[in-house]
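# Overview (structure and organization)
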2 protein chains.
Amino acid sequence: MKQAQIQLSIDDLPSKWYNIIPDLPGGLPSPKEPGDGESRLQALGRRMIGECLKQEVSDARWIDIPEGVRELYIQAGRPRPLYRAYRLEQRLGLKKVRLYYKREDLSPTGSHKVNTALAQAYYAAKEGKTVLVTETGAGQWGTALAYAASLMGLSTVVFWVRAVYDWKLERRTLMEMYGAKVHASPSNQTSFGRKMLSGDANHPGSLGIAVSEGLEYVDGSADRVYCLGSVLNHVLIHQSIIGLEAIKQFEQVDDSPDLVVGCLGGGSNFGGIALPFIGEVLAGKRECEFLAAQSEAAPNLVKGEYRYDFGDTAGHTPLLMMYTLGHETVMHPIKSDGLRYHAAAPIISALRHSGHVRAVALPRDEVSVFTAAKMFLESEGWLIAGESAHAVRAAIDEAKAAEAKGEEKCILINISGHGFLDIAAYRDVLRLGS
Amino acid sequence: MKQAQIQLSIDDLPSKWYNIIPDLPGGLPSPKEPGDGESRLQALGRRMIGECLKQEVSDARWIDIPEGVRELYIQAGRPRPLYRAYRLEQRLGLKKVRLYYKREDLSPTGSHKVNTALAQAYYAAKEGKTVLVTETGAGQWGTALAYAASLMGLSTVVFWVRAVYDWKLERRTLMEMYGAKVHASPSNQTSFGRKMLSGDANHPGSLGIAVSEGLEYVDGSADRVYCLGSVLNHVLIHQSIIGLEAIKQFEQVDDSPDLVVGCLGGGSNFGGIALPFIGEVLAGKRECEFLAAQSEAAPNLVKGEYRYDFGDTAGHTPLLMMYTLGHETVMHPIKSDGLRYHAAAPIISALRHSGHVRAVALPRDEVSVFTAAKMFLESEGWLIAGESAHAVRAAIDEAKAAEAKGEEKCILINISGHGFLDIAAYRDVLRLGS
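Note that the structure is predicted; figures quoted are calculated from it, not measured.

Turning our eyes to something else, we now look at the relation of the copies chain B and chain A. The two copies are related by a screw motion: chain B maps onto chain A through a turn of 180 degrees and a shift of 0.0 Å along the axis, at an RMSD of 0.0 Å. Each copy turns onto its partner about a two-fold axis. Using C-alpha coordinates, one finds that chain B approaches the rotation axis most closely at Phe420(B), a distance of 3.0 Å. The share of interface residues of chain B whose copies in chain A are also at the interface is 100%, consistent with both copies meeting through the same surface.

All names here are of chain A. Taken in spatial order, the four strands line up as E8-E7-E6-E9 in an open sheet, and their pairing is parallel. The sheet is open, and its two edges are formed by strand E8 (181–185) and strand E9 (224–226), each paired on a single side. Averaged over all pairs of adjacent strands, the angle between their axes in this sheet comes to 25 degrees, without regard to strand direction. Pairing of strand E6 (residues 131–136) with E9, which is carried by three bridges, proceeds in the parallel orientation. From the neighbouring strand, Val133 faces E9, where its bridge partner is Tyr226.

Residue and element names in this part refer to chain A. For chain A, the assigned domains are domain 1 (44–51 + 60–65 + 112–233) and domain 2 (77–110 + 240–430). One C-alpha centre belongs to domain 1, the other to domain 2, and the line joining them spans 25 Å. Between domain 1 and domain 2, the contact holds 26 residues from the first and 29 residues from the second. Summing both sides of the interface, domain 1 and domain 2 together bury roughly 2100 Å²; the carbon and sulfur share of this comes to 65%. It is His112, Asn115 and Val231 in domain 1 that bury the most area against domain 2; as a group they hold 30% of the surface buried on that side. For the pair domain 1 and domain 2, the interface holds one salt bridge. Among the salt bridges present, the one from Lys168 reaches Asp337, with a minimum N-O distance of 3.1 Å. Our enumeration of links across domain 1 and domain 2 arrives at eight residue pairs in polar contact (both at pLDDT 80 or more). Counting only elements with at least two residues in the side of domain 1 that touches domain 2, the list comes to helix H5 (114–126), helix H6 (140–152), helix H8 (169–177) and helix H10 (207–218). Per-element tally for the side of domain 1 that touches domain 2: the top contributor is H10, with five residues.

On to unusual backbone geometry, then. Residues and elements named next belong to chain A. For the peptide bond that leads from Arg78 to Pro79, omega is -5 degrees, which places it in the cis range. Along the chain, Pro79 falls in the loop between helix H3 (67–75) and strand E4 (82–84). The phi angle at Arg431 is positive, at roughly 50 degrees, despite the residue not being glycine. In this structure, Arg431 sits in the segment after helix H18 (423–430).

Residues and elements named next belong to chain B. Close contact between helix H3 (residues 67–75) and helix H5 (residues 114–126) brings their axes to 10 Å; oriented N to C, the two are set at 140 degrees. It follows that H3 is oblique to H5 by the angle criterion. For the element pair H3 and H5, the recorded crossing hand is right-handed. Along the contact surface, H3 presents Gly68, Val69, Leu72 and Tyr73, while H5 presents Asn115, Leu118, Ala119 and Tyr122.

If you look at the interface, chain B gives 55 residues, while chain A gives 55 residues. Both sides together, the interface formed by chain B and chain A hides about 4800 Å², and carbon and sulfur atoms give 57% of it. Scanning the region where chain B abuts chain A turns up two salt bridges. Ionic pairing is found between Glu170(A) and Arg427(B), a salt bridge with its closest N-O pair at 2.8 Å. At the junction of chain B with chain A, the criterion picks out 30 residue pairs in polar contact (both at pLDDT 80 or more). Breaking the side of chain B that touches chain A down by element, the ones donating at least two residues are H3, helix H6 (140–152), helix H8 (169–177), helix H16 (367–380) and helix H18 (423–430) of chain B. At seven residues, the largest contribution of residues to the side of chain B that touches chain A is made by H8(B). Of the residues that constitute the side of chain B that touches chain A, the class distribution is 27 nonpolar, 15 polar and 13 charged.

To continue, consider the side chain of Arg40(B). Residues and elements named next belong to chain B. Topologically, Arg40 is positioned in helix H1 (residues 40–47). We classify Arg40 as buried; its relative accessible area is 5%. Contacts of Arg40, omitting those with residues within four sequence positions, involve Glu33, Pro34, Phe310, Gly315, His316, Thr317 and Pro318.

Another point: the sheet that holds strand E6 (residues 131–136) of chain B. Residue and element names in this part refer to chain B. Across the sheet, four strands lie side by side as E8-E7-E6-E9; this open sheet has parallel pairing. In the strand order of this sheet, the two ends are held by strand E8 (181–185) and strand E9 (224–226), each with one partner. On average, adjacent strands in this sheet sit at an angle of 25 degrees to one another, irrespective of strand direction. In terms of strand pairing, E6 meets strand E7 (residues 155–161) through six bridges, oriented parallel. Along E7, the bridge assignment pairs Val131 with Ser155. H8 contacts E6, E7 and E8 of the sheet and is inclined by roughly 160 degrees relative to E7.

A separate point is the packing of aromatic side chains. A full pass over the atoms with the stated rule returns 25 aromatic pairs over all chains. When the centroid spacing of 6.4 Å and the interplanar angle of 85 degrees are considered together, the rings of Phe250(A) and Phe277(A) count as edge-to-face. With Phe250(A) in helix H12 (residues 241–252) and Phe277(A) in helix H13 (residues 268–282), this pair connects stretches of sequence that are 27 residues apart. Taken as a pair, Phe250(A) and Phe277(A) share a single burial class, namely buried. Measuring from centroid to centroid gives 4.8 Å for Tyr101(B) and Phe376(B), while their planes differ by 70 degrees, and the two rings are edge-to-face. Placement of Tyr101(B) in strand E5 (residues 97–103) and of Phe376(B) in helix H16 is noted, with a sequence separation of 275 residues between them. You can call Tyr101(B) buried: its relative accessible area is 1%. Phe376(B) gets classed as buried once you look at its relative accessible area, which sits at 0%.

In this section: the pairing of strand E5 (residues 97–103) of chain A. Residue and element names in this part refer to chain A. Burial within E5 is extensive, with seven of its seven residues counted as buried. Going residue by residue along E5, you find Val97, Leu99, Tyr101 and Arg103 tucked away on one face and Arg98, Tyr100 and Lys102 tucked away on the opposite face as well. Across three bridges, E4 lies against E5 in antiparallel orientation. When the bridges of E5 are listed, Tyr83 appears paired with Tyr101. The sheet contact formed by E5 and strand E15 (residues 409–415) spans seven bridges and is parallel. Across the sheet, the residue bridging to Arg98 is Cys410, located in E15.

What follows deals with the pattern of salt bridges. The tally for this structure, following the rule as stated, stands at 53 salt bridges over all chains. Linking Asp36(B) and Arg40(B) is a salt bridge whose minimum nitrogen-to-oxygen distance equals 2.7 Å. A residue is classified by how much of its surface remains accessible, and Asp36(B), at 47% relative accessible area, is partly exposed. For Glu408(B), the salt bridge is made with Arg98(B), and the minimal N-O distance between the two is 3.8 Å. Here Glu408(B), found in the loop between helix H17 (386–404) and strand E15 (409–415), pairs with Arg98(B), found in strand E5; they are 310 residues apart in sequence, far enough to count as distant. Through salt bridges with shared partners, a single ionic network connects Arg78(A), Arg80(A), Lys102(A), Glu104(A) and Glu245(A).

Our next topic: the packing of H13(A) against helix H15 (residues 346–353) of chain A. Residue and element names in this part refer to chain A. Where H13 contacts H15, the axes come no closer than 11 Å and their chain directions differ by 45 degrees. Relative to H15, H13 is oriented oblique. Viewed along their axes, H13 and H15 form a crossing whose handedness is left-handed. Residues Phe270, Gly271, Leu275, Ile278 and Leu282 of H13 form the contact with H15, whose own contacting residues are Ile347, Ile348 and Leu351. Its residues assigned to classes, the contact of H13 with H15 shows seven nonpolar, one polar and no charged.

Definitions and limits used
- Residues numbered from 1 in each chain as written.
- Chains lettered and ligands numbered in written order.
- Predicted model: local features only at pLDDT ≥ 70, side-chain atom pairs only at ≥ 80, totals over all residues.
- Heavy atoms only, no water.
- Least-squares fit on C-alpha atoms with pLDDT ≥ 70 in both.
- Contact = heavy atoms within 4.5 Å.
- Pairing = 2+ DSSP bridges.
- Helix = DSSP H or I, 4+ residues; strand = E, 2+ residues; numbered from the N terminus.
- Axes fitted to C-alpha atoms, helices over the stretch in contact; angles between N-to-C directions.
- Domains from an automatic or database assignment.
- Buried area = accessible area lost by both parts, 1.4 Å probe.
- Salt bridge = Lys/Arg side-chain N within 4 Å of Asp/Glu carboxyl O.
- Polar contact = N/O pair within 3.5 Å; in protein donor to acceptor, adjacent residues only side chain to side chain.
- Parallel < 35°, antiparallel > 145°, perpendicular 65-115°, else oblique.
- Left-handed = near helix turned anticlockwise from the far one by under 90°.
- Nonpolar A, V, L, I, M, F, W, Y, C, P; charged D, E, K, R; others polar.
- Buried < 20%, exposed > 50% of the residue type's maximum accessible area, 1.4 Å probe, protein only.
- Phe/Tyr/Trp six-rings, centres within 6.5 Å; stacked < 30°, edge-to-face > 60°.

Dropping the structure here:
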């Protein structure tokens, strides 16, 4: 019997997260102040969860996952299965290439974002905070945080770019069902938002404005704390649970990937699957390549420069050393909004710079991407998110190339999320139905 | 650590389905011809999958699950976890009542329907059929069949009641992505459909018309076969995988339910979770009660008569001995369409008649039902289907009643499906958002 699903026993759920920083060749360039007199490091630090701030600068290779967070992970369905994609291999006529995929799509809110949301909600509650504040663009992060807050008995306030808020009604309802207060940004909740609205009552907003509103809102009460869903080191540390599970699952079936592929916007799901494997590569314990699948709408690792830049459009964050398209770049709208970010996480950028990570940018019309996702659906049966479809497309291209060259190859794909709220995107991009 | 999730190892995936018929006290009343000269038994038998027809009348207690179907089950994510609802218990303030739930919502298409769809697609392929034909009302069955056909390399033709087809665009797109041809019924694919359309070009259709069209369509080619998604014995046999897994999972945690609750339209998910437990009750091996959660829109077990009736509105099926509201009853529309069926499966009806199954009908405005689902979401984190919400509501009511009486009780709930395509229903029923 060909057994596609590879479980991991709950007893084998990792008890520590992996922090790659101490293993990075040359270390990680420190954040910087832009030198305009305003200390953004202090300002951000003051608004963040204390434990997350500690992890952000930790040089410990392994960080204990608190018992309470492991309990939440198990509640959220972890460990998640790894699959051998026998059916997709057959569909593609692969004889020498093996494909595997990791199932973050089984998450309660539909994406890997819960892995850090649960940790952050847990720490926030321990530190006496009761209100989690954030901004969201695509909406996956806001949903995950609202979910995590709900489980911890906290509340969430989400500032959501108005242009997206207005049409993603299903996702907004879901956040609200988890108890989140969701404000279209600019909002009348902050003086900055009110100022924007006074200029234009129908202001479409931007991620930069939403961040500004969130930060101002946090300052309004000591109960509030700001949570971040990607890019920063502590987020990637929490996401390492994905790759750590996958390593154990590969051991169970006595196989090992030669290439790990994940989609990349800011870098949290890519980092989550890749960093534990990269750590073993850096330690000389394994050979493996790593490929970030991006959109041409935001090809930060492909076309960006490696330099200091702000993490947000408005310049409220400290300067981070990243591959960036420039924090003020206007990016073309795509269905897979989760990949529209101007820069890649500092850790991923450093690994790109040292040659450990390569990247590809896929056409922004997303036709080839959703076509790959449909092939995945037809053969493997699972409906995946548009973002994840980028990883599947890139992996299929790599598989075909290896097969054509007669190379034996084992490829691991991270499926970052499910597509039940993306069906309209499939329909539009692939021009399905009448 | 409170470990909510109870896995079942793939090695422990059941290798046989359970057939309760040989254990039914007094056996199961046979189907009958209505006596109008037309042999519906023969007509239906001729159009069905041969192996399913054999199982339909089998008196074997255990039926081997073919290796190929077990492979498909594992592909589809089985075994599915059982959860102890610690968080919901806490939310409800339960001290003496324990709640568990089984996770059929983790299915690729979002419902338990895949359990029989995969078996039917497997058998159909073995018998040389290439086109699976069916009707669908709510759409869950059509999606599951399209999925199963896709995995087996078969195609699907779905006749979908036009009134539903017109507004469930997401679900229709999903079926089509799995390769199904979906026809609004009445359609121009059959002479019966054309006749209906000639009378009214915008005929809204009905389940009876869709069945008639499907049956006529099957007759058009020997490649085609008719598949049924509920009510019949072989469907309940395939669904027994749910309860068989749950029994093993309860053994692992050394607990045992006193009450099993499932929602019930025709009876396939209820039968799936309950029948293996009922079999052990009938054999004197366990004590347990069983509760079917229905809608007042179609309270067949609560208000129906136990008598012979047709399975479809138009009278194309043989007569089956069932609790029925009458096959021509017009049922009030509800969001949880999957519960709108005029009769309960013959096996469930027999067990209701013998006093082994009780039933409750919940208000058709669905406010109390979706309120329970929202409470489930807030505490357990999972978004469930409206149908499943009926089971959760009924279980919560039972739990509170037991707690009030100081009774110790263990309750198992079947979560038949997820709610990612039901978010609009939550919004409408609970009047969420602005």
